[in-house]
Number of protein chains: 2
Amino acid sequence: MNAVSKVAFIGLGAMGFPMAAHLQRSGFDTTVYNRTTSKATEWVAQHGGSMASSPRKAAINSDYVFICVGADRDVRDVVNGPSGVLEGMRAGSVLIDHTTASADLARELGQICSEKSIGFLDAPVSGGQAGAENGNLTIMCGGDAAVFHNSRSALQSYSQQCTLIGPTGSGQLTKMVNQICIAGLIQGLSEGLEFGRRSGLDLELVLETISKGAAGSWQMENRARTMTKDEFDFGFAVDWMRKDLGIVFSEATRTGSPLPITKMVDELYKKVQQRQGNRLDTSSLISLLRNYD
Amino acid sequence: MNAVSKVAFIGLGAMGFPMAAHLQRSGFDTTVYNRTTSKATEWVAQHGGSMASSPRKAAINSDYVFICVGADRDVRDVVNGPSGVLEGMRAGSVLIDHTTASADLARELGQICSEKSIGFLDAPVSGGQAGAENGNLTIMCGGDAAVFHNSRSALQSYSQQCTLIGPTGSGQLTKMVNQICIAGLIQGLSEGLEFGRRSGLDLELVLETISKGAAGSWQMENRARTMTKDEFDFGFAVDWMRKDLGIVFSEATRTGSPLPITKMVDELYKKVQQRQGNRLDTSSLISLLRNYD
């Protein structure tokens, strides 16, 4: 490894843009690529570093290549083919995918990388845009222990917690567990808050009273007050949640995992999309209960 | 008020037994009544104080009368009729009902007490048997502000948080919000954990990684590890949860509150009862997912 590691970051969305900035600020010589070029231009103007005209070119001579794009298909687009990162990466370097994607994709990439003596980690994150900006994301990793330890100093530039869960795919599967827990939790919280509103309770007092007890949750602490004010124009969008739940259901079919309320909540998210569009925060589930049918 | 207040405590179950002991230990001259006399004998042997042969006799000359029994019918049994507490209570004293019961019962008792110039608080608790034993329950009160403030020093002998939410019935309605939030939360957590188990994940590592983030909850911190070990022989029993949800559904009919997943979870609890009996902790929902149909 050189004194200054050269890294590539592919995908400058709401998450990737600040994550790549943390790498550059932590002393990694960072080259970025983004499908919409103007974002990459803006990133270089703000943070220095370099930009490349293809994923392959960004990856050339990089010790680590990070990907943070939308979904399985987007990952394949920037990894494979003549302009994909694998064409540029050298043996001994490491590919790290931060996209929330399927465990099958992780296994597929792990296999391809292995054949080229490239390390691979599936490494989806949680903590949202605020976590990416403040550098305190949680990263759930799947892959080889040596590759993980070798990658930690780079990952720590934007995470407060970074854990190797198990073999390739385990990061994605852990993120799925996370999303399943959140779905039921938000709907339960929504039903409780709407019941309380219709009963004429002072919800601020109710939340102060119950939030430290057995009903308490991160969602209650961080979303209940905006939910009671019908404020949903921020946070983690419903369409991303439905994309993640789609991955969950594919995987659940494979393992036979029963998900009765998670499936019901997905149907409710579909209704939110139909009535109010795709961009509202996941806490917007409560809006359906105002006029439920 | 006398230098030493005289109080009565009706109902020495898993909650009432230690709650009454905290009152006696805090300097309240406590007289207990319990339907099964042996419990009252045991309580006096352990804690001093007195026992009475009827709710009415316990209530005579008491400044405060506390009730902590099973359900609406049990409350009516100890309040009304010739041997009920109302026959013994004097004007200016206060009746406090810790039973998780309907808001209608609270309003009915509030009205009856008001006619006799007796103060009334509906005051269901959360925190479970451990909270009752350690004296750190949360108490959600409905009633008159002056009565509430007058009662605080007694209530503080077994609570760490005691809040007046609003008029009579508000304590019960707040407890219902609490139970609704818990129902969806536990089922979401169950589906997440079972999905993770079937995917072969190390659930201890998964929980360490996700429990501080957006999926985090009291239930994840305090129940997930026993859930993964199929340990449910403790805590808050399924039959009590179903009793509470029954109250929730009655109230929801009155206000038109939609509770789609809460209703689904109640059906799942019913299955737990049919397959495994009534006494398991509410976290036993996950046991259904092992062999789901």
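Draft legend 1. Structural view of the overall build of chain A. Within chain A, the regular secondary structure consists of 14 helices and 9 strands. Taken against the 2.2 N^0.38 rule, which gives 19 Å for 293 residues, the C-alpha radius of gyration of chain A at 20 Å falls within 12% of a compact globule. Among the 293 residues that make up chain A, the fraction classed as buried is 60%. Long-range pairs, those at least 24 residues apart, make up 65% of the contacts in chain A between residues at least 6 apart in sequence. Distance between charge centroids for chain A: 2 Å, based on 28 positive and 30 negative side chains.

Draft legend 2. Representation of the relation of the copies chain A and chain B in the model. Here chain A sits on chain B after a turn of 180 degrees about the axis and a move of 0.0 Å along it, with an RMSD of 0.0 Å. With respect to symmetry, the two chain copies, as superposed, fit the operation of a two-fold axis.

Draft legend 3. Quick look at the side chain of Lys175 of chain B. Residue and element names in this part refer to chain B. With respect to the element layout, Lys175 can be found in helix α9 (residues 170–198). Salt bridges are absent for the buried Lys175, whose nearest opposite-charge side chain, Asp244, sits at 4.4 Å. In this structure the side chain of Lys175 is engaged in a polar contact, spanning 2.9 Å, whose partner is the backbone oxygen of Val125. Not counting residues within four places of it along the chain, the set of residues in contact with Lys175 comprises Thr100, Pro124, Val125, Met140 and Asp244.

Draft legend 4. Focus on the packing of aromatic side chains. All names here are of chain B. Inspection of the entire model under this criterion finds 6 aromatic pairs over all chains. Taking the centre distance of 5.9 Å and the plane angle of 15 degrees together, the rings of Phe9 and Phe66 count as stacked. A residue pair is termed long-range when its members are at least 10 positions apart, and Phe9 in strand β1 (residues 6–10) and Phe66 in strand β4 (residues 64–67) qualify at 57 residues. The same class applies to Phe9 and to Phe66, which are both buried. With centroids separated by 6.4 Å and ring planes inclined at 75 degrees, the aromatic side chains of Phe66 and Tyr158 adopt a geometry described as edge-to-face. You can see Phe66 sitting in strand β4 and its partner Tyr158 sitting in the loop between α8 (145–155) and β9 (159–166), a full 92 residues away along the chain. In this pair, the class of Phe66 matches that of Tyr158, namely buried.

Draft legend 5. Region of the structure containing the environment of Arg76 of chain A. Residues and elements named next belong to chain A. Tracing the chain through its elements places Arg76 in helix α4 (residues 72–79). The class of Arg76 is partly exposed, set by a relative accessible area of 31%. Along the chain, Arg76 and Leu105 lie 29 residues apart, while their C-alpha atoms are 8.5 Å from each other. If we skip the residues at most four places from it in the chain, Arg76 touches Leu105 and Glu108.

Draft legend 6. Region of the structure containing helix α4 (residues 72–79) of chain B. Residues and elements named next belong to chain B. When α4 is considered as a whole, its buried residues turn out to be Asp72, Asp74, Val75, Val78 and Val79. Here the buried residues of α4 occupy an arc of 165 degrees about the axis, which is enough to place them on one side. Phi turns positive one or two residues past the end of α4, at Gly81, with a value near 80 degrees.

Draft legend 7. Broad picture of empty space enclosed by the protein. A complete count under the given rule lists 1 cavity of 30 Å³ or more for this structure. If you add up the space inside the largest cavity, you get close to 40 Å³. Taken together, Cys181 and Leu185 of chain A together with Leu185, Gly188, Leu189, Ala215, Ser217 and Met220 of chain B make up the full set of residues lining the largest cavity. Those elements that place two or more of their residues in the lining of the largest cavity are α9 (170–198) of chain A together with α9 of chain B. At 3 residues, α9 of chain B tops the list of elements feeding residues into the lining of the largest cavity. For the lining of the largest cavity, the per-class residue count stands at 6 nonpolar, 2 polar and no charged.

Draft legend 8. The arrangement of the pattern of salt bridges in detail. Under the criterion given, the structure shown has 34 salt bridges over all chains. The shortest N-O distance in the salt bridge between Arg90 of chain A and Asp63 of chain A comes to 2.4 Å. One end of the pair, Arg90 of chain A, is in the loop between α5 (85–88) and β5 (94–97); the other, Asp63 of chain A, is in the loop between α3 (55–59) and β4 (64–67), and 27 residues separate them in sequence. Accessibility expressed as a relative area gives 34% for Arg90 of chain A, which makes it partly exposed. For Asp63 of chain A, a relative accessible area of 4% translates into the label buried. As a salt-bridge pair, Glu221 of chain B and Lys212 of chain B come within 3.3 Å of each other at their nearest N and O atoms.

Draft legend 9. Broad picture of unusual backbone geometry. A positive phi is found at Asp230 of chain A, a non-glycine position, where the angle reads about 55 degrees. Mapping Asp230 of chain A onto the fold places it in the loop between α11 (218–228) and α12 (238–255). Despite not being glycine, Ser117 of chain B shows a phi value in the positive range, around 55 degrees. Structurally, Ser117 of chain B is set in the loop between α6 (103–115) and β6 (119–122). In this structure Ser117 of chain B comes out as partly exposed when scored by relative accessible area, which is 49%.

Rules used in this analysis
Residues numbered from 1 in each chain as written. Chains lettered and ligands numbered in written order. Predicted model: local features only at pLDDT ≥ 70, side-chain atom pairs only at ≥ 80, totals over all residues. Heavy atoms only, no water. Helix = DSSP H or I, 4+ residues; strand = E, 2+ residues; numbered from the N terminus. Rg over C-alpha atoms; globule rule 2.2 N^0.38 Å. Buried < 20%, exposed > 50% of the residue type's maximum accessible area, 1.4 Å probe, protein only. Contact = heavy atoms within 4.5 Å. Lys, Arg positive; Asp, Glu negative; His and termini not counted. Charge placed at Lys NZ, Arg CZ, Asp CG, Glu CD. Least-squares fit on C-alpha atoms with pLDDT ≥ 70 in both. Salt bridge = Lys/Arg side-chain N within 4 Å of Asp/Glu carboxyl O. Polar contact = N/O pair within 3.5 Å; in protein donor to acceptor, adjacent residues only side chain to side chain. Phe/Tyr/Trp six-rings, centres within 6.5 Å; stacked < 30°, edge-to-face > 60°. Arc of directions from axis to C-beta. 1 Å grid on protein atoms, 1.4 Å probe; cavity = no way out; pocket = protein on both sides within 12 Å on 5 of 7 lines; lining within 4 Å. Points joined across faces, edges and corners; volume = space filled by probe spheres on them. Nonpolar A, V, L, I, M, F, W, Y, C, P; charged D, E, K, R; others polar.

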